[in-house]
Amino acid sequence: MKSTTQKKKILVTGGTGYIGSHTCVELIQSGYDVVIIDDQSNSTSASLKGIEKITGTRPEFHPFNLCESSHLDSFFKSHQTLQGVIHFAAFKAVGESVEKPLAYYRNNLISLMNLLEMMTKYEVPHLVFSSSCTVYGQPDELPVTEQAPIKKAASPYGNTKQICEEIIEDTLNANPGLQGISLRYFNPIGAHESGLIGELPAGTPNNLMPFITQTAIGLRSSLKVFGNDYDTPDGTCIRDYIHVVDLAKAHVRAIERLLEKQNKTEYEYFNLGTGKGSSVMEIIQSFERTSGQKLNYEIVARRSGDVVKIYADTQYANQELGWKAHKGLDEMTESAWNWEKKYRERQSTSK
Ligand code: UFG
């Protein structure tokens, strides 16, 4: 057992959110001391409680927005032993970003710039950044490698991920003490096996999995499948769905890589997926299999901006990062359903 004084302290921004909370659990269970900053614009303190129940440790929590630079400065001033930062905090709804581009640019870019400024000022040397396969658009070749060209973003949200990666690259170039890794996620779904933390979108879900589980629990009348006339085997779009716990473990591996100076260059990026593409219909079938429920769904028109198919080439992450996704589709849909049921049960008994 490591003693408390030896624990490495990591700041997790957006740590009460979906991927952030799962990463906090994995960090704590790997022996790290976790400090969270989150303005809770798209999360609640329920995830803090969940992290505490799973790990036995309640992380130190600071509720504010990273755009508040003087607040962030005071935070860094009073946390001089930080060894790294995992930066999740950002707006992430594709459709909303089209309607409110400036809100997305302001929030996602300024928070990163403030963070990098403080990391430079207070000499916190390691950054892991939450990026997305959205930077590739519809790639010309599948599976998509890290060398695939970055295409013009299909939404302001996607553009913020591209610009953030560039901001990081330029900042690391200018500051040799700083090192960073961008993790480009494919489609994270599922939840921690305890059902104590999971995906809880505010309002109507935009993403497939929470829409499925909310439909099955009776909150939505039916899932709309956006198009079944694509050039794919069953006509629905194909994505590389990855279990959020596998994804969370990759963050622990990435911060470890930086702390142990295993990185090959000051800025690296990795695709995080399973390497396997699944269609919308395959997700529905897996959900029906693992939940034992028939899902009410209807086929409707295509959603504008959807890429037809994308899945990751995982070789680089497997070999170089030393990480691999292990959980299959059924574990993903089963755990998402377990979370939805348990969360709603807790809600109804706490009323
Ligand atoms: N889908 C439906 N019905 C729904 C929701 C989604 O049929 O109600 C379909 C979509 O058309 C798509 C698939 O399910 O074919 C997955 O859609 P999601 O919205 O869950 O995920 P996306 O792949 O569109 O979006 C994800 C991330 C974004 C990121 C994008 C990059 O959520 O943050 O990948 O491609 F920008």
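Just so you know, the residues in each chain are numbered from 1, in the order the chain's sequence is written. Only residues with pLDDT of at least 70 get local features here, since the model is predicted, and only at 80 or more are side-chain atom pairs given and counted; chain-wide, interface and lining totals rely on the full set of residues. Processing note: side-chain calculations cover all non-hydrogen atoms of the structure and skip hydrogens and water entirely.

Considering the site of the ligand
Now for step 1: Nearness here has a simple test: a residue counts as near a molecule or strand if at least one of its heavy atoms is within 4 Å of that partner. Near the ligand there are 18 residues, and of these Leu 208, Lys 224, Arg 239, Arg 303 and Asp 306 occur at the shortest range.
Now for step 2: Think of a polar contact as two N or O atoms within 3.5 Å of one another; within protein, one of them needs to be a possible hydrogen donor and the other a possible acceptor, and neighboring residues in sequence only count if both atoms come from side chains. One nitrogen or oxygen atom from the main chain of Asn 206 is found 3.5 Å from an oxygen atom belonging to the ligand.
Now for step 3: Here the ligand, which alone exposes 680 Å², has 89% of that area covered by the protein.
Now for step 4: For helices the rule is a DSSP run of H or I covering at least 4 residues; for strands it is a run of E covering at least 2, with both sets numbered from the N terminus onward. Element by element, the count of residues in the shell around the ligand is highest for strand β8 (residues 223-226), at four residues.
Now for step 5: Charged means Asp, Glu, Lys or Arg here, nonpolar means Ala, Val, Leu, Ile, Met, Phe, Trp, Tyr, Cys or Pro, and polar covers whatever is left, Gly included. A class-by-class count of the residues in the shell around the ligand yields nine nonpolar, five polar and four charged. To measure how exposed things are, a 1.4 Å probe is used in the Shrake-Rupley method; for residues, cover is taken only from the protein chains shown.

Brief notes about the packing of helix α5 (residues 101-121) against helix α6 (residues 156-174)
Now for step 1: Note on geometry: axes are C-alpha line fits, over the in-contact stretch for helices, and angles between N-to-C directions span 0 to 180 degrees. As a packed pair, α5 and α6 sit with axes 10 Å apart at the nearest point and diverge in direction by 20 degrees. By the angle class used here, α5 and α6 are roughly parallel. Here α5 and α6 pass one another in a crossing that is right-handed. Contacts between α5 and α6 involve Pro 101, Tyr 104, Tyr 105, Asn 108, Leu 109, Leu 112, Met 113 and Leu 116 from the former and Pro 156, Tyr 157, Asn 159, Thr 160, Ile 163, Cys 164, Ile 167, Ile 168 and Thr 171 from the latter.
Now for step 2: Here the residues of the contact of α5 with α6 sort into 13 nonpolar, four polar and no charged. Throughout this description, any angle smaller than 35 degrees is read as roughly parallel, any larger than 145 degrees as roughly antiparallel, any in the 65 to 115 degree range as roughly perpendicular, and the remainder as oblique. Each crossing is labelled by how the near helix is turned from the far one, with a counterclockwise turn of less than a right angle marking it left-handed and a clockwise turn marking it right-handed. By the convention used here, residues are in contact when the closest approach between their heavy atoms is within 4.5 Å.

A few points about the sheet that holds strand β1 (residues 9-13)
Now for step 1: The pairing criterion is simple: DSSP has to find at least two bridges between the two strands. Strand order in the open sheet formed by seven strands is β3-β2-β1-β4-β5-β6-β11, and the pairing between neighbours is parallel. Every other strand in the sheet has two partners, leaving β3 (60-62) and β11 (267-272) as the edge strands with one partner each. Here the average twist between neighbouring strands, direction ignored, is 20 degrees.
Now for step 2: Here seven bridges tie strand β5 (residues 126-132) to strand β6 (residues 179-185), and the two strands are oriented parallel to one another. Directly across from Ser 131, in β6, lies its bridge partner Arg 184.
Now for step 3: Lying over the sheet, α5 contacts β1, β4 (82-87) and β5, oriented at roughly 170 degrees with respect to β4.
Now for step 4: Sitting on the sheet, helix α8 (residues 244-259) is in contact with β1, β4, β5, β6 and β11, with an inclination near 165 degrees to β6.

A word on unusual backbone geometry
Now for step 1: Look at the link from Leu 142 to Pro 143: it is a cis peptide, with omega at -5 degrees.
Now for step 2: Checked against the element boundaries, Pro 143 lands in the loop between β5 and α6.
Now for step 3: Positioned with a positive phi, Gln 40 is a non-glycine residue whose angle comes to about 55 degrees.
Now for step 4: Within the secondary structure, Gln 40 sits in the loop between β2 (33-37) and α2 (46-55).
Now for step 5: In the Ramachandran plot, Glu 123 falls in the positive-phi region, its phi being about 55 degrees despite a non-glycine side chain.
Now for step 6: Among the secondary structure elements, Glu 123 is positioned in the loop between α5 and β5.
Now for step 7: By relative accessible area, which is 69% here, Glu 123 ends up exposed. Only protein chains enter the area calculation, which uses a 1.4 Å probe; residues under 20% of their type maximum are buried, those over 50% are exposed, and those in between are partly exposed.

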